[in-house]
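Okay, here's what each chain looks like letter by letter:
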Amino acid sequence: MTLDDLHEAARGTLDPVHYDYVAGGAGEERVLADNERAFARYALLPRVLRGSETRRTAVDLPGAPGAAPVVVAPTAFHRLAHPDGERATARAAAAEGAVLVTGAAATTAVAEVVAAARETAADPAVWFQLYPHPRREVTAALVRRAADAGCTALVVTVDSPVFGRRTRDLRNGFTDLPPGHAAENMRDLPGAPPGGLTDIPMSPALSWRDLDDILRMTTLPVLVKGVLHPADARLAVEHGAAGVLVSNHGGRQCDAVPAALDCLPGVADAVAGRVPVLMDGGVRRGADIAVALALGATAVGVGRPVVWGLAAEGESGVRRTLALLRDEYDHTLALCGGRRNADLTRDMVVRRGEPW
Ligand SMILES: Cc1cc2nc3c(=O)[nH]c(=O)nc-3n(C[C@H](O)[C@H](O)[C@H](O)COP(=O)(O)O)c2cc1C
Ligand SMILES: CC(C)CC(=O)C(=O)O
């Protein structure tokens, strides 16, 4: 089974409106398409006669030493994909040694997500993705909730000052969760109504000062997700971010930005090794991971493929997704003459069809 097979199986099980919510992007879905296409524009230029019997692919990430190089990116509403929802994703990620980024928009409360991960692994790494709330006390309550639950890092999403215009959702009229589902982390917050899709407000006026404020609220490492401009990557590091995530939200926010992969080298140069750089958007095969690591990423995130695995087969489908990517990546590393991730260097990535 390949990731494409899991995608097809998921398409068969999901309500078409929910399928579109996950699969879709903003506007004409140019960025969505470009994220994947960007990987196809690159080729790997292997080195020979320097491999080894086994390879070390684990990476050290904030609050997650020795993690798999593939992180489960935060995706909303897992109980729409499968009744076991985020619990299944958590158990699968823990079993595969992958960081799970759960978030504000999870349909399972963060404490239960961490508890599920601990059913599988002694010391799982669960990060909490935060949409900073327009009201500071709500953000502070969410940060406390994540820390109390046992999350080992925070991920602050900064690419969504306003919500993207998702053409498929607008056409389908998908504006709220079906009865019985809620954004569970948004319950019982200071002054907030009970949970639901519309109860995750964006913060158009969010600023670097708010990031400073969040950094002061917690001792957890804080990663900044949704950086594309090298100057912002530099600022994130200067403000104390423990990591930078190059992402265009899977093509779901601004439909005029570059592919995430095309922004990676500039951000990696700006960060200059001071903190880990992660990227997500369009990672669909092991060779994609190799290209991203060679271009300066410490690890990659995957969004939709995890949801397809979950919808197709629950926990085992998510495990299959993560294991496939891990095995394909290890195989690619071997074919490129690598013993460890750092053996993939930028000179080993060339533009397909162009002389180098
Ligand atoms: C259904 C869905 C829900 C998402 N929800 C969130 C979210 O709540 N917070 C967030 O920061 N990113 C969210 N994202 C973006 C992902 O974290 C990630 O950036 C993106 O999916 C990566 O692209 P890929 O799906 O091509 O792997 C979501 C993406 C999808 C597809
Ligand atoms: C509920 C939304 C805020 C989740 C999201 O970020 C997305 O759908 O891309």
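Counting from 1, residues in each chain are numbered in the order their sequence is written. Chains and ligands are labelled sequentially in the order written, the chains with letters from A and the ligands with numbers from 1. The model is predicted, so local features are restricted to residues of pLDDT at least 70 and side-chain atom pairs to those at 80 or more, both for listing and for counting; the totals for chains, interfaces and linings are taken over all residues. Side-chain numbers come from the whole structure's heavy atoms, not from hydrogens or water.

Caption draft 1: Seen up close, the site of ligand 1. Near ligand 1 lie 22 residues; those nearest to it are Pro-74, Thr-157, Arg-284, Gly-303 and Arg-304. A 3.5 Å cut-off defines polar contacts: any pair of N or O atoms within that distance qualifies, except that in protein one atom must be a possible hydrogen donor and the other a possible acceptor, and neighbouring residues in sequence count only when both atoms are side-chain atoms. Contacts to ligand 1 include Tyr-131, whose side-chain N or O atom sits 3.0 Å from a nitrogen atom. The contact in question runs from an oxygen atom of ligand 1 to an N or O atom on the side chain of Arg-284, over 2.7 Å. Here ligand 1 has 610 Å² of accessible area as a free molecule, and 98% of this is covered by the chains. Cavities and pockets are defined on a 1 Å grid built over the protein atoms alone: a cavity is a set of grid points where a 1.4 Å probe fits but cannot escape, while a pocket is an open set with protein on both sides within 12 Å along at least five of seven lines, and lining residues are those with an atom within 4 Å of any such point. Pocket or cavity membership: a molecule qualifies when more than half of its atoms sit within 2 Å of the grid points of that site. When atoms are counted within 2 Å of each cavity's grid points, the one that captures over half of ligand 1 is the largest pocket. The nonpolar class holds Ala, Val, Leu, Ile, Met, Phe, Trp, Tyr, Cys and Pro. Asp, Glu, Lys and Arg form the charged class, and all remaining residues, Gly among them, are polar. Classifying every residue of the shell around ligand 1 by side-chain character gives eight nonpolar, nine polar and five charged. Here a residue is considered near a molecule or strand provided that any single heavy atom belonging to it is located within 4 Å of it. Computed with the Shrake-Rupley method and a 1.4 Å probe, the accessible areas treat only the protein chains shown as cover for residues.

Caption draft 2: Layout of the packing of aromatic side chains. Pairing of aromatic rings covers Phe, Tyr and Trp, the last counted by its six-membered ring, and requires centre-to-centre distances within 6.5 Å; plane angles under 30 degrees mean stacked, over 60 mean edge-to-face, and any other angle means tilted. Going through the model one piece at a time under the given rule, you end up with three aromatic pairs. Ring plane angle 20° and centroid distance 5.1 Å describe the contact between Tyr-19 and Trp-308, whose orientation is recorded as stacked. Here Tyr-19, found in helix α2 (residues 16-23), pairs with Trp-308, found in helix α13 (residues 304-313); they are 289 residues apart in sequence, far enough to count as distant. When sorted by exposure, Tyr-19 lands in the same class as Trp-308, which is buried. Through a chain of ring-to-ring contacts, three or more aromatic side chains come together here, namely Tyr-21, Phe-77 and Phe-174. Placement of a charge over a ring requires the Lys NZ or Arg CZ to be within 6 Å of the ring centre, with the centre-to-atom vector within 35 degrees of the ring normal. Above the plane of the ring of Phe-163 lies Arg-166, whose end atom (NZ or CZ) is 4.3 Å from the centre. One residue, Arg-252, lies across the ring of Tyr-21, its end atom 4.8 Å from the ring centre. A run of H or I in DSSP counts as a helix once it spans at least four residues, and a run of E counts as a strand once it spans at least two, with each numbered from the N terminus. Under the scheme applied here, a residue whose accessible area is under 20% of the maximum for its type counts as buried, over 50% as exposed, and between as partly exposed, the area being computed with a 1.4 Å probe on protein chains only.

Caption draft 3: Local environment of unusual backbone geometry. The phi dihedral of Asp-188 falls on the positive side, at around 55°, and the residue is not glycine. Inspection of the secondary structure puts Asp-188 in the loop between α8 (167-172) and α9 (208-217). Positive phi, normally seen in glycine, also occurs at Ala-272, with a value near 50°. Checked against the element boundaries, Ala-272 lands in the loop between α11 (260-271) and β10 (277-280). Ala-272 gets classed as exposed once you look at its relative accessible area, which sits at 55%.

Caption draft 4: Examining the site of ligand 2 more closely. Near ligand 2 there are eleven residues, and of these Tyr-21, Tyr-131, Arg-166, His-249 and Arg-252 occur at the shortest range. Here Arg-166 contributes a side-chain N or O atom positioned 3.0 Å from an oxygen atom of ligand 2. Out of a free accessible area of 280 Å², ligand 2 has 93% covered by protein chains. Mapping ligand 2 onto the cavity grids shows that it belongs to the largest pocket. Residue composition of the shell around ligand 2, by class: eight nonpolar, one polar and two charged.

Caption draft 5: View of the side chain of Asn-248. The topology assignment puts Asn-248 in the loop between β9 (243-246) and α11. Among the polar contacts listed, one links the side chain of Asn-248 to the backbone nitrogen of Gly-251, at a separation of 3.0 Å. We call two residues in contact when some of their heavy atoms are within 4.5 Å. Filtering out sequence-adjacent residues up to four positions away, Asn-248 remains in contact with Val-31, Asn-35, Asp-159, Leu-228, Gln-253, Val-257, Pro-258, Ala-259 and Ala-260.

Caption draft 6: Spotlight on the layout of surface pockets. Computed from the structure, the largest pocket encloses a volume of approximately 920 Å³. Tyr-21, Phe-163, Arg-166, His-249 and Arg-252 are the residues nearest the centre of the largest pocket, which is lined by 50 residues in total. Those elements giving two or more residues to the lining of the largest pocket turn out to be α2, α5 (85-95), β5 (100-103), α8, β11 (299-302) and α13. A total of four residues in the lining of the largest pocket trace back to one element, the largest contributor, which is β5. Grid points are joined across faces, edges and corners, and a volume is the space filled by probe spheres set on the points. Its boundaries defined by the atoms lining it, the second largest pocket holds a volume of some 470 Å³. Going through the elements one at a time, β7 (153-157), α9 and β8 (222-227) are the ones with two or more residues in the lining of the second largest pocket. Of the residues belonging to the lining of the second largest pocket, the class tally is 16 nonpolar, nine polar and three charged.

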